[in-house]
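Single-letter residue listing:
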Amino acid sequence: MPKNFARRTFLATAAAAAVTASFGTASIAQDKIQLRLSAPSSETDQRAVALIEKFGPAVSEFANFEPHWNATLFAQGTELEAIARGNLEMSITSAQELAVFFPEFSIFTAGYVHQDAAHQVAVFNDPLMDPFKKKAEDELGVKLLSVMYLGRRQVNLRQSKEELTVMTPADLAGVNLRMPGTDAWQFLGKALGASPTPMAFTEVYTALQSGAVDGQDNPLPTVVDAKFYEVTKQIVLTSHLVDLNYLAISKATWDGMTAEQQAAVQAAADDASEFGRQNQLQKEADLVSFLEAQGMDVYEPDVAAFRNHVQQMYLESEYAASWPEGALEKINALGN
Ligand code: KDO
């Protein structure tokens, strides 16, 4: 079955399911609104900490915020479908996951496009995002509340620097690099020069430990939070993706709220995202010395060589063909 047909069929079914779900919640209107969130991150990840400490308490008068971490409720990458079908209310989703449904979201997955955390916020709040947000709402029943900062992704390998020194994409040839499991992620791995392998986040530690993969990519706070430094020996500071997530909520659940409740949810999402962003930035700045103290080699490659290679691969790819006219220029103009 052609991919597009399957996707359209899913979207039509999902829209119907979301309507049913919203009628379902109306019958228990006196109860608090149920806000179950599923995410693959641990509860000590800074996005999780921010949601637990800021978001939940801020909406507790009218909503029951119930987060499920470590992908215990839904597997990584299945959360959007769960929201669309009315089986889940919230997730911390990614542009890569949204690009499965809407290829144009791949513009936010391309290496070396976002420049830093402030640039991500400027892009998310700019009118250029409106058609992206509207499509996710109208066709998937998913509302993007805010942008969350994950950090600059770096290449993290099992081999020591003596065994393999990575200065350019050519040095990653044949390196079996775990990337998350969607096409947009796999393409980023290829653009880096590596041989990408799809794998869920929750399986990465064991795969690094056993040698099933040579490495993985994630920001430094994630390398520390997930203890990947215990089973790897080097970090190459490619900073190939200033990575973001979106705090997402079911549009049906959102539409079932009063205007005051919606305003409170939006404010809580903004506050939590800002709190998490500042904490994550602080950790990113502090963690190189921690990782070095664990015996890891942390070094900068020829970043210009990576940037040129990655950008060229994207511009020549089918992904760039799906990007709305002028969007890349607008994104660039919002940066430094
Ligand atoms: C990962 O699987 O490597 C990734 O960093 C991808 C992100 O989009 C996000 O899903 C994240 O994992 C999880 O939140 C775990 O930190």
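Cut-offs and rules
Residues numbered from 1 in each chain as written. Predicted model: local features only at pLDDT ≥ 70, side-chain atom pairs only at ≥ 80, totals over all residues. Heavy atoms only, no water. Axes fitted to C-alpha atoms, helices over the stretch in contact; angles between N-to-C directions. Helix = DSSP H or I, 4+ residues; strand = E, 2+ residues; numbered from the N terminus. Parallel < 35°, antiparallel > 145°, perpendicular 65-115°, else oblique. Left-handed = near helix turned anticlockwise from the far one by under 90°. Contact = heavy atoms within 4.5 Å. Nonpolar A, V, L, I, M, F, W, Y, C, P; charged D, E, K, R; others polar. Salt bridge = Lys/Arg side-chain N within 4 Å of Asp/Glu carboxyl O. Buried < 20%, exposed > 50% of the residue type's maximum accessible area, 1.4 Å probe, protein only. Lys, Arg positive; Asp, Glu negative; His and termini not counted. Polar contact = N/O pair within 3.5 Å; in protein donor to acceptor, adjacent residues only side chain to side chain. Pairing = 2+ DSSP bridges. Right-handed = clockwise from strand over helix to strand, strands pointing away. Domains from an automatic or database assignment. Buried area = accessible area lost by both parts, 1.4 Å probe. Core = buried A, V, L, I, M, F, W, Y, C linked by side-chain atoms within 4.5 Å.

A closer look at the packing of helix 2 (residues 46–59) against helix 11 (residues 259–293)
The description of two helices packed together rests on the angle between their axes and the distance between the axes. For the pair helix 2 and helix 11, interaxial distance at closest approach is 8 Å and the crossing angle is 155°. One way to sum up the angle between helix 2 and helix 11 is to call them roughly antiparallel. Crossing angle aside, the handedness with which helix 2 passes helix 11 is right-handed. Every residue of helix 11 that contacts helix 2 at Q46, A50, L51, E53, K54, F55, A58 and V59 is listed here: A264, V265, A268, A269, A272, F275, G276, N279, Q280 and K283. Classifying every residue of the contact of helix 2 with helix 11 by side-chain character gives 11 nonpolar, four polar and three charged.

Points about the pattern of salt bridges
In a structure, side chains of opposite charge can pair up when their charged atoms sit close to one another. In total, this model carries 11 salt bridges according to the counting rule given. For R36, the salt bridge is made with E89, and the minimal N-O distance between the two is 2.8 Å. Here R36 is found in strand 1 (residues 33–38), whereas its partner E89 is found in the loop between helix 3 (79–84) and strand 3 (90–93), with 53 residues between them in sequence. Judged on exposure class, the residue R36 and its partner E89 are both buried. One salt bridge in this structure joins E284 and R152, with 3.8 Å as the shortest N-O distance. One end of the pair, E284, is in helix 11; the other, R152, is in strand 4 (residues 142–157), with 132 residues separating them in the sequence. Judged by its relative accessible area of 6%, E284 is buried. Via salt bridges that share partners, R153, D217 and D243 belong to a single interconnected network.

Description of the side chain of R178
With respect to the helices and strands, R178 occurs in strand 5 (residues 176–179). For the buried R178, no salt bridge is present, and the opposite-charge side chain at shortest range is D217, 5.1 Å distant. Within polar-contact distance, the side chain of R178 engages the backbone oxygen of M199 at 2.8 Å. Setting aside its immediate chain neighbours within four residues, R178 contacts Q76, R153, T197, M199, A200, F201, V204, V213, G215, Q216, D217 and N218.

Things to note about the pairing of strand 2 (residues 63–68)
Here strand 1 pairs with strand 2 via six bridges, running parallel. Each bridged residue has a counterpart across the sheet, and for I33 the counterpart in strand 2 is A63. Following the backbone out of strand 1, through helix 2 and into the adjacent parallel strand 2, one traces a crossover that is right-handed.

Re the domain arrangement of the chain
Parsing the chain into structural domains produces domain 1 (3–150 + 243–279) and domain 2 (153–241 + 284–320). Between the C-alpha centres of domain 1 and domain 2 the distance comes to 27 Å. A combined buried area of about 1,800 Å² lies between domain 1 and domain 2, and 53% of that area is made up of carbon and sulfur atoms. The largest share of the area that domain 1 buries against domain 2 comes from Q96, Y112 and D243, three residues that together contribute 38% of it.

Some details on the nonpolar core
In terms of nonpolar packing, the biggest core is built from 56 residues, with F105, F108, L172 and Y246 touching the most fellow members. The residues that make up this core include at least three from each of domain 1 (3–150 + 243–279) and domain 2 (153–241 + 284–320). Those residues in contact with F105 that sit more than four places away from it in its chain are A95, L98, A99, M129, F132, L144 and Y246.

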